[in-house]
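Below, each chain spelled out in residue letters.
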Amino acid sequence: MIDPQLLRKDIELVASRLAGRKFVLDTEKFSQLENSRKQLQAATEELQAKRNQLAKAIGMKKGKGEDASSELAQSNQINDDLKTSSEQLELLQTQIQQFVMGIPNLPDESVPIGKDESNNLEVARWGAVPNFDFPVKDHVDLGSLYGLDFESATKITGSRFVVLRGRIAKLHRALAQFMLDLHTEQHHYEEINVPFIVNAESMRGTGQLPKFEEDLFKVPRKMGGVEEGEAGEARIENFYLIPTAEVPVTNMARDAIFSEDQLPQKFVAHTPCFRSEAGSHGRDVRGMIRQHQFEKVELVQLVKPEEALNALEELVGHAQAVLEKLEIPYRKVLLCTGDMGFGSAKTYDLEAWIPSQNTYREISSCSTMGDFQARRMQARFKVGQAKPQLINTLNGSGLAIGRCLVALMENHQQADGSMKIPEALRPYLGGLELLKP
């Protein structure tokens, strides 16, 4: 979340910067909440001061053997008033916290102002778009020759799932292994294997909750009671299937204080990702472009604030390297303010060329979150004896494996339905140069 002190200091400036993100900040509501907090906090502190004064007076009278019943009665009343006031203040602070948690991140000054994806800025292109002298097949038709099975997935689960069989399953696995090896051996990330189910606090830490709950797969679980071998009534606690490895990996830093020499930290994780796609009905219903379950190799960095923007360029370069080694044409796009994700301060998208659609489609999104997530998680670092500071967090796809498979199949297809295997991927497929139906 953004710094509440910034809201208190200059809420109109914050509102102006957020307007570029198509977010209307309710300045009046925040001012009302904040004024109520100040009044209630002042009243609470006044009661605490009176209680302290009475405690001294009671002590002095008792020490002299004098009657302190009047002061004791006043003290009891103040304690009751203080309890009520403290409860009201806690409730009000919770309301302010919830209000602030719903505010998106402030865009970095280098982000172009714009209303939607039409205002994004293309930074670079790489690779020649293939010019086929035969009718282009899409990945669904190509994949059916190799074991791409949507029918079975629909039968066992439902729409927007897929079963990979035989050679295409092996190709999918090879892509994941290739990416992990590249990022660990050449880009120096630490490979990490994380849980695929997380608690609500982790989702809040990286910004998925409370705003995006409808896009998540929720896993209610009975806690306590007989099932857990504990006394008392059972309660239901919500867990969540991860929408990206960003959530569990970044939350490892929650409530941690790093020393300066422990930063930067760089992690890579290969996980499934689960997304309900609540707001995407009717979009990309054919094939693997938009699925409820897919796999991704995720990159996460934890850095000092002054290193964040350079770290973003580095992280994007690591994702670009995957596409270049797989000989997939792509373009690099800087997102404008109106197209950025909720927690992002600056985002680059990498879009791979998809021949059957005659366009570029997102295959990686790489962002610096500034201290937005760190403030939620209280993830900090310390220089010497100075006061701890918030770290900056970054994440990006390196890459989304399913979409990478789509781009690989379509860009390297041959007239007979076979697929050319890029040189970098051949060691993971036994040296195979051409995958044939």
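Residues numbered from 1 in each chain as written. Predicted model: local features only at pLDDT ≥ 70, side-chain atom pairs only at ≥ 80, totals over all residues. Heavy atoms only, no water.

Enquirer: Explanation requested: the state of the cysteines in the structure shown.
Expert: Defined simply, a disulfide is a covalent bond joining two cysteines at their sulfur atoms. Across all of its chains, the model carries 0 disulfides by this definition. Free of any disulfide, Cys273 has its nearest neighbouring cysteine sulfur in Cys366, separated by 14 Å. Residue Cys273 is classed as buried on the basis of its relative accessible area, which comes to 0%. This cysteine, Cys404, is not joined by any disulfide, and Cys366 carries the nearest cysteine sulfur, 13 Å off. Cys404 sits in the buried class, given a relative accessible area of 0%. (Disulfide = S-S within 2.5 Å. Buried < 20%, exposed > 50% of the residue type's maximum accessible area, 1.4 Å probe, protein only.)

Enquirer: Just to check I follow, could you spell out the layout of surface pockets for this structure?
Expert: Taken as a whole, the second largest pocket holds about 290 Å³ of empty space. Among the secondary structure elements, those contributing two or more residues to the lining of the second largest pocket are α1 (4-19), α9 (308-325) and α10 (372-377). Broken down by class, the residue content of the lining of the second largest pocket amounts to 9 nonpolar, 4 polar and 6 charged. (1 Å grid on protein atoms, 1.4 Å probe; cavity = no way out; pocket = protein on both sides within 12 Å on 5 of 7 lines; lining within 4 Å. Points joined across faces, edges and corners; volume = space filled by probe spheres on them. Helix = DSSP H or I, 4+ residues; strand = E, 2+ residues; numbered from the N terminus. Nonpolar A, V, L, I, M, F, W, Y, C, P; charged D, E, K, R; others polar.)

Enquirer: Explanation requested: the pairing of strand β13 (residues 359-368) in the structure shown.
Expert: In the case of a regular strand, side chains alternate between the two sheet surfaces. Within β13, 7 of the 10 residues are buried, which leaves it mostly tucked inside the rest of the structure. Relative to β13, strand β12 (residues 346-354) runs antiparallel, the two being bridged by 9 bridges. In the strand pairing of β13, Thr347 is matched with Ser367. (Pairing = 2+ DSSP bridges.)

Enquirer: Is there a simple way to explain α1 in this structure?
Expert: An α-helical segment advances 3.6 residues per turn. Residues three or four places apart therefore align on the same side. End to end, α1 covers just 18 Å across 16 residues, shorter than the expected 22 Å (1.5 Å per residue, more than 12% under). The axis of α1 is deflected most strongly, by about 110°, at Asp10. Those residues of α1 that sit buried are Pro4, Leu7, Ile11, Val14, Ala15 and Leu18. As for α1, its buried residues are in contact with α2 (27-64), α3 (69-101) and α10. Sitting at the amino-terminal end of α1 is Asp3, which places a side-chain oxygen 3.0 Å from the backbone nitrogen of Gln5. (Expected span 1.5 Å × (residues − 1). Bend = angle between axes of the 7 residues up to and from the residue. Contact = heavy atoms within 4.5 Å. Polar contact = N/O pair within 3.5 Å; in protein donor to acceptor, adjacent residues only side chain to side chain.)

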